[in-house]
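Here's the letter readout for the chains.
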Amino acid sequence: MTPRAGGTAASGGPLLLGVRHHGPGSARAVLAALDSARPDAVLVEGPPEGDALLPLAAHARMRPPVALLAHAVDDPGRAAFWPLAHFSPEWVAIRWASAHGVPVRFVDLPAAHSLALTEQREDGPGEDWGIDPVGILAGAAGYDDPERWWEDVVEHRAADGRPADPRAPFAMLAEAMTALREAYGDGGHPQDAVREACMRLQLRAARKEFGDDIAVVCGAWHVPALLARTTVAADRALLKGMPKVKAELTWVPWTHRRLARYSGYGAGIESPGWYGHLFGAPDRPVERWMTKVAGLLREADRAVSSADVIEAVRLAGTLAALRERPAVGLTEATDAVRAVMCEGSDVPLALVRNRLVVGEILGEVPETAPAVPLQRDLDKQQRTLRLRPEAERRELELDLRKETDAARSRLLHRLRLLGVDWGEPAAGRGSTGTFRESWRLRWEPELFVRIAEAGVWGTTVLGAATARAGADAVSASSLAGVTALAEQCLLAGLPEVLPVVMRALADRAALDADVGHLADALPALARSLRYGDVRSTDTAALGEVAVGLAERVCVGLPPACTGLDADAAAEAHRRVDGVHTAIGLLAGAVRADGLPERWAGVLRKLSARDAVAGVIRGRATRLLLDDGGLAESEAARLMGLALSPGAIPADAAAWIEGFVGGAAGGGLLLVHDERLLALVDTWLTGIPADAFTGVLPLLRRTFSAYEPGVRRTLGELVRRGPDPGRASDEGVPAAPGFGAGLDEERADAVVPVLRLLLGLDTPAERTATG
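Residues numbered from 1 in each chain as written. Predicted model: local features only at pLDDT ≥ 70, side-chain atom pairs only at ≥ 80, totals over all residues. Heavy atoms only, no water.

### Thoughts on the overall build of the protein chain
Then, in step 1: Counting its regular elements, the protein chain contains 35 helices and eleven strands.
Then, in step 2: The buried share of the protein chain, reckoned over its 770 residues, is 50%.
Then, in step 3: A total of about 35300 Å² of accessible surface is found on the protein chain, and carbon and sulfur atoms cover 54% of it. (Helix = DSSP H or I, 4+ residues; strand = E, 2+ residues; numbered from the N terminus. Buried < 20%, exposed > 50% of the residue type's maximum accessible area, 1.4 Å probe, protein only. Areas by Shrake-Rupley, 256 points an atom, 1.4 Å probe, with all protein chains shown as cover.)

Below is the structure:
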């Protein structure tokens, strides 16, 4: 007998239920149709390899949204998802069959073929429409919004409480889709012909096994193809010679946010949270929705009263009536919330959309679901470390002196080394220290694919990260790449692979003669020594290589900084900063006899050479001044030379940028050093008008980096003008706003407070000095 859309076995063959994937109205209609027809078997659109996983749908720990994940065994990165929410018609059909003891199977193109036919895509081999069937039908009905048309025709079909024939929507959609298939053929997706041939073959096989009393739940677009009269030979001919790969399938958690994108079924929905609410609300969906919104806004410290909820419900109903809609839709609910609860503002409305309309729900899969060994090990560590995956972004502060936090840090760094970026390092409190780390965590379903890919390196996170690091060390093409890897290994706690990394590091360092590469590599090595100290790791060999690199940088950097254009000078400026910080770390971490002194000599050479770009000369002068390697009078002399009337204005501005720009405290240096401020002020006011516009962008970039309070103070000091009656100890006229010298009496007054703050003024000391 020929299948009939919306029919029953008694009236002409299997029951074809064409649906819109993830549609709550379709889900309710499917449930009503199944309760009415009571079929002997249920067929659902999906990869047949997933049949063995269907019993898990009834597991108590299975909580949608979830997805079937298929990946090629030999190429785990080639993967596909078939997502399901609790309001998905397919999920409702699977759960109905499980509850009634009815056989349920997937009928679609096997994943082994679909993975072989398509390159890896972000969301799997779904139905990438050349046309939008719902959009065409909505336009024909006079709607400019396909979502609104679908809500009016399907989602709110029985919203007024009148009884409805459970077969009516399926017959209507089948008729509409038949007309569209006649007009548009395959809709711009030629692979549909192969999939539908496979569906017909599987439907024939199921009818031989179970008879005609079968229900088929599939996308409405496919119903006309399943109704078509074809031969077995013709369908098999379409499948002959198709490529095939070995595939593995499992259930994985999914998120509402991922449902809001065009995903596995090609049915991305804009409002999964709203649809979930419509499907789950037993009655009064609008009233319940407004109550949810009010609760959310109250949590965000917005004043929302019960009267506001009542008024929002009334306004939404009025808008629906004015717009001649059968029931309140999301558009009306949103407009009412904006007007009543958000006082016309879209700012709190964005919170409602993110948290309720879309939602951050992450599904759950039972532990008995198949998984690669690496995933099993990760699950175990997540439970042990109480580090639960969550769909919502959250901040995590770690204190590495605590055992649990240190273990969490190692796990996150190991996963990053494997390409599983669950956590992203973030700037936080204490971020410049060595005992604290800040992370930004967010679990995305795609990470399951990354874990499957990483499974080729080992069965545990530790083993896989160690193997991956060793392979990366051997294949690294640059010195900076190996040094960055060494830092990762120390952060991840991988001591076993450090000898391999060190050999690769020594080989690259010996062969690389580019001082720029050496300078780029040194900061990561210095940080590695610092982190190794925090984690009690033996880094002696690493320290020897780092000191050797630093020595070579000290020799080669001065010649490399001469004769540079603006872009190259900016890059060299960055490298000088990095090397300076690195040598400071090395001096405190390893035996580096004389290294700080040699580096200070390099800075003196850079600060005094006219052939060195101004930005580098200025930066070298500032670094020497900060470290006490240069007297203030000498710094003032170098600034005076750089800003002399004969200096090119652009080069002088670059010198200032290097000296006071970008560095922490650059503006405060001018605030507290009257000579330097006076020199800058004198130079700036003496720039010729025709040259001023050329240096203005550079000056704006330099001074705009200061804190607003620093800029304001500098402006006040300059506005007051010079005071010739006051002078410094050396006879130089004081800059505006500065005192003539040190007031020792006022300075002594703060000493007791400082001692108390620093913990130096103990009770015993007070007694002894009393």
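### A closer look at the pattern of salt bridges
Then, in step 1: Per the counting criterion, the structure on display carries 38 salt bridges.
Then, in step 2: With a closest N to O distance of 3.5 Å, Glu444 and Arg442 form a salt bridge.
Then, in step 3: Glu571 is the partner of Arg575 in a salt bridge, and the nearest nitrogen-oxygen pair spans 4.0 Å. Here Arg575 and its partner Glu571 are both found in helix H24 (residues 566-589), four residues apart, which amounts to about one turn of the helix.
Then, in step 4: A relative accessible area of 21% means that Arg575 is categorised as partly exposed. (Salt bridge = Lys/Arg side-chain N within 4 Å of Asp/Glu carboxyl O.)

### Points about the packing of aromatic side chains
Then, in step 1: Across all of its chains, the model carries seven aromatic pairs by this definition.
Then, in step 2: Judged by centre distance (6.4 Å) and plane angle (85°), the ring pair of Phe87 and Tyr275 falls under edge-to-face. Residue Phe87 is found in the loop between strand E5 (75-84) and helix H2 (89-99), and its partner Tyr275 is found in helix H11 (residues 272-280); the two are separated by 188 residues along the sequence.
Then, in step 3: Classification of Tyr275 by relative accessible area gives buried; the value is 1%.
Then, in step 4: Residues Trp443 and Phe448 carry aromatic rings whose centres are separated by 5.4 Å and whose planes lie at 70° to one another, so their mutual orientation is edge-to-face.
Then, in step 5: What makes Trp443 buried here is its relative accessible area of 2%.
Then, in step 6: Following the ring pairs from residue to residue traces out a cluster consisting of Trp422, Trp443 and Phe448. (Phe/Tyr/Trp six-rings, centres within 6.5 Å; stacked < 30°, edge-to-face > 60°.)

### So, the layout of surface pockets
Then, in step 1: Size it by volume and the largest pocket reaches roughly 890 Å³.
Then, in step 2: Lining the largest pocket are 35 residues, with Pro253, Val365, Gln375, Asp379 and Gln382 sitting closest to its centre.
Then, in step 3: At the level of elements, strand E4 (66-72), strand E8 (247-253), helix H16 (373-384) and helix H18 (446-454) are the ones that each hand at least two residues to the lining of the largest pocket.
Then, in step 4: Taken together, the residues of the lining of the largest pocket sort by class into 18 nonpolar, five polar and twelve charged. (1 Å grid on protein atoms, 1.4 Å probe; cavity = no way out; pocket = protein on both sides within 12 Å on 5 of 7 lines; lining within 4 Å. Points joined across faces, edges and corners; volume = space filled by probe spheres on them. Nonpolar A, V, L, I, M, F, W, Y, C, P; charged D, E, K, R; others polar.)

### Notes on the pairing of strand E11 (residues 436-441)
Then, in step 1: Bridge count between strand E9 (residues 394-399) and E11: six bridges; the pairing is antiparallel. Looking across to E11, one finds that Glu395 is bridged to Arg440.
Then, in step 2: Sheet topology places strand E10 (residues 423-425) next to E11; three bridges connect them, and they run antiparallel. Directly across from Gly423, in E11, lies its bridge partner Leu441. (Pairing = 2+ DSSP bridges.)

### What about a nonpolar patch on the surface?
Then, in step 1: Taken together, Val750, Val751, Val753, Leu754, Leu757, Leu758 and Leu760 make up a surface patch of nonpolar side chains, about 660 Å² in accessible area.
Then, in step 2: Topologically, Val751 is positioned in helix H34 (residues 751-757).
Then, in step 3: Taking the relative accessible area as the measure of exposure, Val751 reaches 38% and is therefore partly exposed. (Patch = residues over 30% accessible without salt bridge, like charges linked within 9 Å, V, L, I, M, F, W, Y side chains within 5 Å.)

### Points about the environment of His22
Then, in step 1: Looking at the element boundaries, His22 is found in the loop between strand E2 (15-19) and helix H1 (24-37).
Then, in step 2: With 250 residues separating them in the primary sequence, His22 and Pro272 have C-alpha atoms 8.1 Å apart.
Then, in step 3: Within the local environment of His22, its side chain forms a polar contact with the side chain of Ser88, the two groups lying 2.9 Å apart. (Polar contact = N/O pair within 3.5 Å; in protein donor to acceptor, adjacent residues only side chain to side chain.)

### Considering the sheet that holds E9
Then, in step 1: Spatial ordering of the open sheet is given by E9-E11-E10, a layout of three strands whose pairing is antiparallel. Two strands in the sheet have a free side with no partner beyond their single neighbour: E9 and E10. Averaged over all adjacent pairs, the angle separating strand axes in this sheet is 35°, with direction ignored.
Then, in step 2: Sheet strands touched by helix H17 (residues 403-417): E9, E10 and E11. Its angle to E9, the strand with the most contacts, is close to 120°. (Axes fitted to C-alpha atoms, helices over the stretch in contact; angles between N-to-C directions. Contact = heavy atoms within 4.5 Å.)

### So, empty space enclosed by the protein
Then, in step 1: For the structure shown, the criterion picks out four cavities of 30 Å³ or more.
Then, in step 2: When its volume is computed, the second largest cavity comes out at roughly 40 Å³.
Then, in step 3: Forming the walls of the second largest cavity are Leu43, Val107, Met199, Leu203, Val216, Cys218 and Leu226.
Then, in step 4: Listing elements by their share of the lining of the second largest cavity, those giving two or more residues are helix H7 (191-210) and strand E7 (214-219).
Then, in step 5: Considered class by class, the residues forming the lining of the second largest cavity number seven nonpolar, no polar and no charged.

### Comments concerning the nonpolar core
Then, in step 1: Met290, Met341, Trp599 and Ile616 are the most contacted members of the largest nonpolar core, which has 164 residues in total.
Then, in step 2: In this view, Met290 contacts Val309, Ala312, Val313, Ala316, Ala333, Ala336, Val337 and Met341; residues no more than four positions away in its chain are not counted. (Core = buried A, V, L, I, M, F, W, Y, C linked by side-chain atoms within 4.5 Å.)

### Observations regarding the packing of H17 against helix H19 (residues 461-475)
Any two packed helices are characterised by the angle at which their axes cross and by the distance between the axes.
Then, in step 1: Following both chains from N to C, one finds H17 and H19 inclined at 45°, their axes separated by 9 Å at the closest point. When the axis of H17 is compared with that of H19, the two are oblique. Between H17 and H19 lies a crossing whose hand is left-handed. Of H19, the residues touching H17 (which contributes Leu411, Arg414, Leu415 and Leu417) are Val461, Leu462, Ala465, Arg468 and Ala469.
Then, in step 2: The class makeup of the residues in the contact of H17 with H19 is seven nonpolar, no polar and two charged. (Parallel < 35°, antiparallel > 145°, perpendicular 65-115°, else oblique. Left-handed = near helix turned anticlockwise from the far one by under 90°.)

### Digging into a negative patch on the surface
Then, in step 1: There is a patch of like negative charges on the surface, built from Asp743, Glu744, Glu745 and Asp748.
Then, in step 2: By the element assignment, Asp748 lies in helix H33 (residues 744-749). (Lys, Arg positive; Asp, Glu negative; His and termini not counted. Charge placed at Lys NZ, Arg CZ, Asp CG, Glu CD.)

### Side note on helix H6 (residues 168-184)
Residues spaced three or four apart along an α-helix face the same direction, because each turn holds 3.6 residues.
Then, in step 1: Taking 1.5 Å of rise per residue, 17 residues should cover 24 Å, and H6 covers 24 Å from first to last C-alpha, within 8% of that figure.
Then, in step 2: Every buried residue of H6 is accounted for by Pro169, Phe170, Leu173, Ala174, Ala176, Met177, Leu180 and Arg181.
Then, in step 3: Positive backbone phi, approximately 65°, marks Gly185, located one or two places after H6. (Expected span 1.5 Å × (residues − 1).)

### With respect to the side chain of Arg617
Then, in step 1: Structurally, the position occupied by Arg617 is in helix H26 (residues 614-626).
Then, in step 2: Of the residues examined, Arg617 reaches a relative accessible area of 9% and is grouped as buried.
Then, in step 3: Separated by 2.9 Å, the side chain of Arg617 and the backbone oxygen of Val612 make a polar contact.
Then, in step 4: If near-sequence neighbours (up to four positions away) are discounted, Arg617 is found in contact with Leu606, Ser607, Arg609, Asp610, Val612, Ala642, Asp651 and Trp655.

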